[in-house]
Amino acid sequence: MPTYSAPIRDFQFLMHDVLKLQNQNLPGYADLDREFTAAVLEAADKLASDMLVPLNKVGDEQGCTLKDGVVHTPDGFKEAFDAMKAGGWTALDADPEYGGQGIPYLLAIATNEIFTASNMAFSMYQGLTHGAYSAIHTHGTPEQKKTYLPKMVSCDWTGTMNLTEPHCGTDLGLLRTRAEPQDDGSYLLTGQKIFISSGDHDLAENVIHLVLAKAPGGGEGTKGISLFIVPKFLVNEDGSLGERNAVSVGSLEEKMGIHGNATCVMNYDGARGWLLGDLHKGMRAMFTMMNEARLGVAMQGYACADAAYQNAVIYAKDRLQGRAATGVVNPAGAADPLIVHPDIRRSLMDQKAFVEGGRALVMWGAHLMDRSHAGDEDADGLISLLTPVAKGFLTDKGFESTVMAQQVFGGHGYIEEHGMSQYVRDARIAMIYEGANGVQALDLVARKLPQDGGRQMMAFFERIKAFCKKHGDNDAMAEDFIAPLKAASKDLQTAAMYFMERGMKNPNDALAGSHDFLHLFGHVTLGYIWSRICLTAHHALENGTGDTEFYQTKLATGRYYMSRALPMTATHLARIQSGSRHVMALPADAF
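Bear in mind that the values here come from a model prediction, so they are computed numbers and not experimental data. (Residues numbered from 1 in each chain as written. Predicted model: local features only at pLDDT ≥ 70, side-chain atom pairs only at ≥ 80, totals over all residues. Heavy atoms only, no water.)

A. Seen up close, the overall build of the protein. Looking only at helices and strands, the protein features 18 helices and eleven strands. Computed over C-alpha atoms, the radius of gyration of the protein comes to 24 Å, within 12% of the 25 Å expected from 2.2 N^0.38 for 591 residues, which places it in the range of a compact globule. Structurally, the protein occupies a C-alpha span of about 80 × 60 × 60 Å along its principal axes. Counting over 591 residues, the protein shows a buried share of 57%. In the protein, 74% of the contacts between residues at least 6 apart in sequence involve partners at least 24 apart. Carbon and sulfur atoms make up 52% of the accessible area of the protein, which amounts to about 24,500 Å² in all. Counting 52 positive and 69 negative side-chain charges, the protein places the averaged centre of each group 6 Å from the other. (Helix = DSSP H or I, 4+ residues; strand = E, 2+ residues; numbered from the N terminus. Rg over C-alpha atoms; globule rule 2.2 N^0.38 Å. Buried < 20%, exposed > 50% of the residue type's maximum accessible area, 1.4 Å probe, protein only. Contact = heavy atoms within 4.5 Å. Areas by Shrake-Rupley, 256 points an atom, 1.4 Å probe, with all protein chains shown as cover. Lys, Arg positive; Asp, Glu negative; His and termini not counted. Charge placed at Lys NZ, Arg CZ, Asp CG, Glu CD.)

Below, the structure written as structure tokens:
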């Protein structure tokens, strides 16, 4: 059975040494000393090791079942969910007014990484609930917050988001679900939604659906969409559960992965719902969920890759195959372990550099969100720019990394015995949901890049320029980090200017390069993150703070990323500058 161990040392390093939480004047940060964060992370690791890791294979093999209109989760999921609730993990960063603990999002996403890497399908039940909680918390009326949030914070009730319909996914302007206003202020919703993660289950007593629908007078397109709260069971005035609402599960999707999560077709047959936020402004409220969820999905990308990587390392050290080219390493055995071979090392270093860089990017992103929530407009602008980059880049590369980990096992990775297939199958969905990665790339190029006259993009360039100028004379940084970061940043600036110059003349020139721009941006961002990490590691070694092996390993991994991964920016730039001519050359009938 695959194993997993939480990277607590890495979390502590990122939070306290790289991001320097102790120096941040933000709500809740004063409580995040090393002892407290270590205790929280160790407790999360124990729950994950004791319950979630063993259930990962169970969930994959059993999946969910629909019987007599009720969805049943795999064996052991209910007990694990109850343990998650009892430990207060579902309420970690929620508002104390509604039963939450008020801990910053930064620490919450670290614990969520542990749970996701241990059992991604299971973790989605509380993860989606948190997104729905956030939407109601931001856009709900006082009465709605009082009615729903305490139960959702505790996960006695869970939540979902209902966007996609059989005929429309990305293009939500085509949706057909209708909401008819009633005299009492409620609406009756009729329509069908598909691909609804955690749409129904036996883990909680109620499910609170947030449903996009069109109410009369909204007009065409997304501007006419509203968002509604539609509970599985109606809620009485005293907070108790009333009659079953007219919402049901039509079927369960048969999926490539995340079998332990119930992905449902939801039928709304005159189901009673209540408007959340402003009428015909539902997309604004829904994006409160989706922006938070996209950073969470970015985390899923590298978290799943980390679990696969950890198992690949164990296998590479144990499996005896061939002899090292430079001489026998294991004379007592018939062969040397796989890890002696340079190509295996290349694969493992690719995985390690990606996972640790991805973790640092998401932790930085979570810190920016904490600052944004505290009213920091610059942080809000930066995380808005970086969200599609993190979601698209980390999930693309996360899937690629799980495949590399599977490849280390050879044929044993392809069969189910070692569990590597599940990591590959589970990771695949992260590239698709919460906005497919092609859409993330289009959003980045068409909306985020020119937003506010390009102010956020220019601020990002200035951030890197200032970092390079400050540390360019540092002999420990100049050649290995500052020089490649400068070159990669220049590639990104050249690509951005190409879009600015060509995009207005021929939009296809920009759109044909959007995927490459997202990946170019992703590499530059991780190059910047790795440079910050390694600067911190250098200072720790100079100051003799101990743990020398940890810091030296960070430096070696960072140098690997800067020399082996970051040069891909030149390739992406060349592809971008080729424009759309060859991309759009064939008529549709020629395919």
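B. Region of interest: the nonpolar core. If you look at the biggest cluster of nonpolar residues, it comprises 152 residues, and the most contacted ones within it are Leu 394, Phe 460, Phe 517 and Phe 521. Those residues within four positions of Leu 394 in sequence are excluded, and the remaining contacts are Ala 298, Gly 301, Tyr 302, Phe 354, Gly 358, Leu 361, Val 362, Val 389 and Leu 526. Ala 94, Tyr 133, Leu 149 and Val 153 belong to the second-largest nonpolar core, a separate cluster that totals 30 residues. (Core = buried A, V, L, I, M, F, W, Y, C linked by side-chain atoms within 4.5 Å.)

C. Seen up close, the packing of helix H8 (residues 342–373) against helix H9 (residues 377–408). Taken N-terminus to C-terminus, the directions of H8 and H9 make an angle of 155 degrees; their axes are 9 Å apart at the nearest point. One way to sum up the angle between H8 and H9 is to call them roughly antiparallel. In this structure, the crossing between H8 and H9 has a hand that is left-handed. Grouping the constituent residues of the contact of H8 with H9 by class yields 16 nonpolar, seven polar and four charged. (Axes fitted to C-alpha atoms, helices over the stretch in contact; angles between N-to-C directions. Parallel < 35°, antiparallel > 145°, perpendicular 65-115°, else oblique. Left-handed = near helix turned anticlockwise from the far one by under 90°. Nonpolar A, V, L, I, M, F, W, Y, C, P; charged D, E, K, R; others polar.)

D. Structural context of helix H2 (residues 34–62). With 29 residues, H2 ought to run about 42 Å at 1.5 Å a step, and its terminal C-alpha atoms sit 40 Å apart, in line with that. Roughly 45 degrees is the biggest bend found in H2, and it falls at Ser 49. Positioned one or two residues after H2, Gly 63 has a phi angle of 65 degrees, which is positive. (Expected span 1.5 Å × (residues − 1). Bend = angle between axes of the 7 residues up to and from the residue.)

E. Region of the structure containing the pairing of strand E3 (residues 157–162). For E3, the buried fraction is high: six of the six residues fall into the buried class. Sheet topology places E3 next to strand E6 (residues 206–214); six bridges connect them, and they run parallel. Residue pairing for E6: Trp 157 is matched across the bridge by Asn 206. (Pairing = 2+ DSSP bridges.)

F. Here's a closer look at the packing of aromatic side chains. Applying the stated criterion across every chain, the model contains 16 aromatic pairs. Centroid distance Tyr 315 to Phe 409: 4.2 Å. Interplanar angle 20 degrees. Geometry classified as stacked. Taken together, the residues span a long stretch of sequence, with Tyr 315 in helix H7 (residues 282–318) and Phe 409 in the loop between H9 and helix H10 (411–414) at a distance of 94 residues. Here Phe 409 falls in the buried class, since its relative accessible area comes to 5%. Following the ring pairs from residue to residue traces out a cluster consisting of Phe 460, Phe 461, Tyr 498, Phe 499, Phe 517 and Phe 521. Directly above the aromatic system of Phe 550 lies the positively charged group of Arg 9, at a separation of 4.1 Å from the ring centroid. (Phe/Tyr/Trp six-rings, centres within 6.5 Å; stacked < 30°, edge-to-face > 60°. Lys NZ or Arg CZ within 6 Å of the ring centre and 35° of its normal.)

G. Broad picture of empty space enclosed by the protein. Counted according to the given criterion, the structure contains four cavities of 30 Å³ or more. Looking at the largest cavity, the residues that line it are Met 1, Pro 2, Thr 3, Tyr 4, Val 53, Asn 56, Lys 57, Ala 117, Ser 118, Gly 419, Gln 422 and Tyr 423. Put simply, the parts of the chain that give the lining of the largest cavity at least two residues each are H2, helix H4 (105–118) and helix H11 (420–428). Ranked by residue count, the leading element in the lining of the largest cavity is H2, at three residues. Classifying every residue of the lining of the largest cavity gives six nonpolar, five polar and one charged. (1 Å grid on protein atoms, 1.4 Å probe; cavity = no way out; pocket = protein on both sides within 12 Å on 5 of 7 lines; lining within 4 Å. Points joined across faces, edges and corners; volume = space filled by probe spheres on them.)

H. How the structure looks around the state of the cysteines. For the structure on display, the rule yields zero disulfides. You can see Cys 264 has no disulfide; the closest cysteine sulfur is in Cys 64, sitting 7.7 Å from it. On the accessibility criterion, Cys 264 (0% relative accessible area) is buried. Lacking any disulfide linkage, Cys 534 is separated from the closest cysteine sulfur, that of Cys 468, by 14 Å. (Disulfide = S-S within 2.5 Å.)

I. Examining the pattern of salt bridges more closely. Taken as a whole, this structure holds 29 salt bridges when the rule is applied. With a closest N to O distance of 2.8 Å, Arg 346 and Asp 343 form a salt bridge. Linking Arg 346 with Asp 343, this pair stays in helix H8, spanning three residues, or about one helical turn. Each of the salt bridges in this network shares a partner with another, and the network as a whole consists of Asp 10, Glu 113, Asp 306, Lys 352, Glu 356, Arg 359 and Lys 554. (Salt bridge = Lys/Arg side-chain N within 4 Å of Asp/Glu carboxyl O.)

J. Representation of the pairing of E6 in the model. In terms of burial, E6 is a largely internal element, nine of the nine residues being buried. Of the two faces of E6, the one lined by Asn 206, Ile 208, Leu 210, Leu 212 and Lys 214 and the one lined by Val 207, His 209, Val 211 and Ala 213 are each fully buried. As paired elements, E6 and strand E7 (residues 225–231) share seven bridges and run antiparallel to each other. Across the sheet, the residue bridging to Ala 213 is Ser 226, located in E7.

K. The arrangement of H8 in detail. The end-to-end C-alpha distance of H8 is 46 Å, a good match for the 46 Å that 32 residues give at a rise of 1.5 Å each. Taking burial as the measure, the 32 residues of H8 include 24 buried ones, the bulk of the element. Once H8 finishes, Gly 375 follows within two positions and takes phi at roughly 100 degrees, a positive value.

Functional significance is not addressed by these values, which are geometric in nature.
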